[in-house]
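# Structural characterization, general
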Amino acid sequence: MARTTPVKKAWRSLAWLAVLIAALIGINGAGVAWADWSWTPKLALDLEGGTQIILEAQLEDGQTVSGEQLAQAVSIIRQRVDASGVSEAEITTQGDRNVVVSIPGTPDDATLQRIQSSAKLEFRPVLRTEAATTAAVGDDGATATATPTPTDSASPSLESTPTASPTNASDESWITPALADQYTNFDCAQLDAEGANVAPADEPLVTCDSTGTSKFILGPTEVAGSTISDATSGLVMNSQGVSTGAWGVNIVFDSTGTEQFTDVTTRLYGYGVGVVQNQFAIVLDGRVISAPSTNAIITDGKPQISGSFTQEEAKTLADQLKFGALPIGFEVQSSEVISATLGSSQLQSGLIAGLIGLILVFIYSFFQYRLLGMVTVASLVVAAVITYFVLVIMSWREGYRLSLAGVAGVIVAIGFTADSFIVYFERIRDELRDGRALVSAVEAGWKRALRTVVAAKGINLLSAVVLFILAVGNVRGFALTLGVTTIIDVIVVVLFTHPVLQLLATNKFFSSGHKATGLDPNGLGAVYRGRAQFRTPTLVGAKSGAGKEALRRQTIAERKAAERAGTSTDSNVDGKDS
Amino acid sequence: MGGFAKFGNDLYTGARSFAFVGNRRIWYIIAAVMIIASVVGPAIRGGFVFGIEFRGGSEFQVSEIANLDDDLIANQDLATATVEDVVADASPRVTTVGNDGLRVQTEQLTNDETSAVADALAEAFDVPPTQVTASFIGPSWGADITTSAIRALVVFLVLAAIVMALYFRTWKMSVAAIISLVHDVIITAGVYGILGFEITPSAVIGFLTILGYSLYDTVVVFDKIRENTTEDGDNSTRTFAESVNLAVNQTLVRSINTGVVAALPVGAILFIGAAVLGAGTLRDIALSLFIGILIGTYSTIFVAAPIYSQLRENEPDILKRTKRLLATREKAGTPAVVATSEPAN
């Protein structure tokens, strides 16, 4: 027998499904072979264990931090963590001066650095600078102090109070003999040590740039980083508005910053280009990230830093300026690694729960749909395979991490996925009840079910997307899992469940309407009696509600015949086979 | 298949019919009572119980316990008893951290209470007092998640209403669906409040998921309603309300089956969560979902469909048809069946 069109279509759909699954496995396999992937998804903090960092606000005596400032710090740190591609990091405040950062897994040094360097950003004038000496002090170099405030000088015997009171932040009087000595002995390697330079804002600071190639004596803070409202990187334009091809960083100050920056540039510009005091240093966490010289008096609060930046460097500097503008400085107070024991026991329980749920769904489907239940089982297995590989690939490509909430999402998805099969099966049954043969019932039922399933799943997807975009923390992991499984659900229904039913419909056993198929026309009250038999035209009345329904199902010809026979809706003829 | 499929057949043909639309006054009264109970109940109980993430609280961490019992429950009991000896109403929550650590969360304690509890814990678990750290959690994370959850809720409601109105080509279905969704959320929250379950960020995730599920269920049923009411057209022998009622009856088996199937895995998490894990992410998500799925399925049938029918019945065309039909029936002496819908004046 030549294959009918639905059968051809069915095989084509199944072929596409096979291609899809093979592609997913192929991508994953390639990742394992050539990139650093594995066959399992990465796990989040609550399942894998992870690192918890407690940051403490660095405050001088008597200073307090407001809840608002702390909240701003949290959002800045969160931005930074998110920017480093770590997902499901949880950032909370603890007490009135701590911020807790929970990072899944063991973060790499760069990420840790980024979080820890979340200290204050400040602009200080440069008093003195020179190339850093590379002379290593050796392992016992720790004797050279890493807290280079004048009061804690390496040589306390030296005079540490300025002889003359400095008139402004660029005044050389700031350089006391003690400071000069510290400067001479300062080793840039110390910058990497614990407790980076934090000098009070109104004191001078000895430090190095972040690459350790130059060292500086800087005057007191003149502009706080919190006055920066935005910083972007972009190509530098010349006065004609034509791009020079060089990368620069554009800063926008708020009104306070604009005022302060005007004063600073006015004074520094006065020193003349080429003089050390013409430079100011942008200090992040006690480390100079840029020390540009002043080419003009900037009064509009929108300076541009240009130089021999690469695009990458410009972007990094802009990010540092933007995100570095924390209202307060932070220091890592404790950093602990959370063990995965609890997580793995939770994961295990979650998986057991999932398995039990799956078995219950199987049993219920068999009870309700007999052999069709087998189609449900097979569809769920296919959905599970696709979901697994999509999650693994997302885990390696997009930084997705499976959390406990994500596990819950997957388990919940079992039931939600089986929902669409039920909608489809019930539609087929409805069509059978309307008297269609199995093959056409499957087709007609599919047309109607697909529309319903797509509309309903669309609403589900919408909720997942809204949650993902607008919610924080582990809500996002859950929403993502739910959204992904919703899409996979539709794919499976289209490419697997429907084709399989198309094939089964042509199967002798199924089309025979055996009780065990779950599509027994007798059981469904269908008027047809299998493929080869025809229904005798019936004249039905409206003795009962059923009669009415049957009336609706009469063909036009039948209805006309009934009218000719003089029967009306209230006729008592019961046309149903008993 | 047997009985249930037969039941389905009868519902499909209309041989058997529940007057979901006809008896709507009863369902409205039930819904109103449940909503009032959901608002008043928690208030009487003294408000919702919020997790430590929301209200803030004190947290104790005992580390490097040498002789930590392998049995989680035993540790929890010991820690709970210890804390309650010092502060009776501290309502401690205990979790294990790693192999040899315990975390105890309590209500926010005073400084004196905090040091007393820390000492007691050190003694109970036989560690030096230095290995007990005490701190308290600011409620800002909870506030964070609440703000974004409410924002997500509002945005979703607006978007879903628009999408549904476009799909069904009538805003009345949208309105009916959203009303029943609000009904679900209020009652689920009410169950939490009345039974005194703790509202944690995980429970909030569950609440938000209910939004999607409740509307999903409503869309499936409404799709059938639309199909029936459109197909029937002007020559129908059914009133609009009867068409709606038939559609609900025809999808009843599906509603029951999808409801059960959706609830089964969630129930499994709940069972495992309650039996093995104690409080935690899984149990909290599952609990609110379980309640929400049951109520969501119920409300589609008993709230959304009747409201939709009511919204449409007074449209002039439909009203005219209903009157004509009823008049014909009366003339023919046909007893009104299926769904008795009071024709709107």
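The structure displayed is predicted, hence computed values, not measured ones. (Residues numbered from 1 in each chain as written. Chains lettered and ligands numbered in written order. Predicted model: local features only at pLDDT ≥ 70, side-chain atom pairs only at ≥ 80, totals over all residues. Heavy atoms only, no water.)

## Overview of the UniProt feature "transmembrane region" (unreviewed entry) in chain A
Residue and element names in this part refer to chain A.
- Within this structure's numbering, the places UniProt gives as "transmembrane region" (unreviewed entry) are residues 347-367, 374-396, 402-425, 454-472 and 478-501.
- Segment residues 347-367 splits into 100% helix and 0% strand. End C-alpha atoms: 30 Å apart.
- From the first C-alpha to the last, residues 374-396 spans 33 Å; its make-up is 100% helix and 0% strand. (UniProt positions renumbered as here; feature names shortened; annotations may be inferred. Helix = DSSP H or I, 4+ residues; strand = E, 2+ residues; numbered from the N terminus.)

## A look at the UniProt feature "transmembrane region" (unreviewed entry) in chain B
Residues and elements named next belong to chain B.
- In the numbering used here, UniProt assigns the feature "transmembrane region" (unreviewed entry) to residues 26-44, 149-168, 175-197, 203-222, 260-279 and 285-308.
- When the span residues 149-168 is considered, its composition is 100% helix and 0% strand, and the gap between its end C-alpha atoms is 27 Å.
- Annotated as residues 285-308, this span is 100% helix and 0% strand, and its ends, taken at the C-alpha atoms, are 31 Å apart.

## Observations concerning the nonpolar core
- The biggest cluster of nonpolar side chains holds 139 residues, and the ones touching the most others in it are A:Ile386, B:Phe156, B:Phe222 and B:Ile225.
- No other element matches the 16 residues that helix α10 (residues 404-433) of chain A contributes to this core.
- Beyond its immediate stretch of four places on either side in the chain, B:Phe222 contacts B:Phe168, B:Met173, B:Ala176, B:Ala177, B:Ala304, B:Ala305 and B:Tyr308.
- A:Val223, A:Phe253, A:Ile305 and A:Ala314 belong to the second largest nonpolar core, which has 21 residues in total. (Core = buried A, V, L, I, M, F, W, Y, C linked by side-chain atoms within 4.5 Å. Buried < 20%, exposed > 50% of the residue type's maximum accessible area, 1.4 Å probe, protein only. Contact = heavy atoms within 4.5 Å.)

## Overview of the environment of B:Lys323
Residue and element names in this part refer to chain B.
- With respect to the secondary-structure elements, Lys-323 resides in helix α12 (residues 316-332).
- Judged by relative accessible area, which is 47%, Lys-323 ranks as partly exposed.
- The spacing of Lys-323 and Thr-239 is 84 residues in sequence and 8.7 Å in space, taken between C-alpha atoms.

## A short note on a nonpolar patch on the surface
All names here are of chain A.
- There is a patch of nonpolar side chains on the surface, built from Ile-352, Leu-355, Ile-356, Ile-359, Leu-360 and Ile-363 and spanning about 500 Å² of accessible area.
- Locating Ile-363 in the fold gives a position in helix α8 (residues 341-369).
- On the accessibility criterion, Ile-363 (52% relative accessible area) is exposed. (Patch = residues over 30% accessible without salt bridge, like charges linked within 9 Å, V, L, I, M, F, W, Y side chains within 5 Å. Areas by Shrake-Rupley, 256 points an atom, 1.4 Å probe, with all protein chains shown as cover. Salt bridge = Lys/Arg side-chain N within 4 Å of Asp/Glu carboxyl O.)

## Topic: the pattern of salt bridges
- This structure, assessed with the given rule, holds 17 salt bridges over all chains.
- Here A:Arg433 and A:Asp430 are joined by a salt bridge, their closest N and O atoms 3.1 Å apart. A residue pair is termed a helical-turn pair when its members lie 3 or 4 positions apart in one helix, as A:Arg433 and A:Asp430 do in helix α10 at three residues. Comparing A:Arg433 with A:Asp430, the two get one shared label, buried.
- Put simply, B:Arg254 and B:Asp217 hold a salt bridge, and the shortest N to O gap is 3.1 Å. Remark: B:Asp217 occurs in helix α8 (residues 201-232) and B:Arg254 occurs in helix α10 (residues 252-277); sequence separation between them is 37 residues. The burial state of B:Arg254 is the same as that of B:Asp217; both residues are buried.
- Each of the salt bridges in this network shares a partner with another, and the network as a whole consists of A:Arg427, A:Glu431, A:Arg436, A:Arg448, B:Lys224 and B:Glu227.

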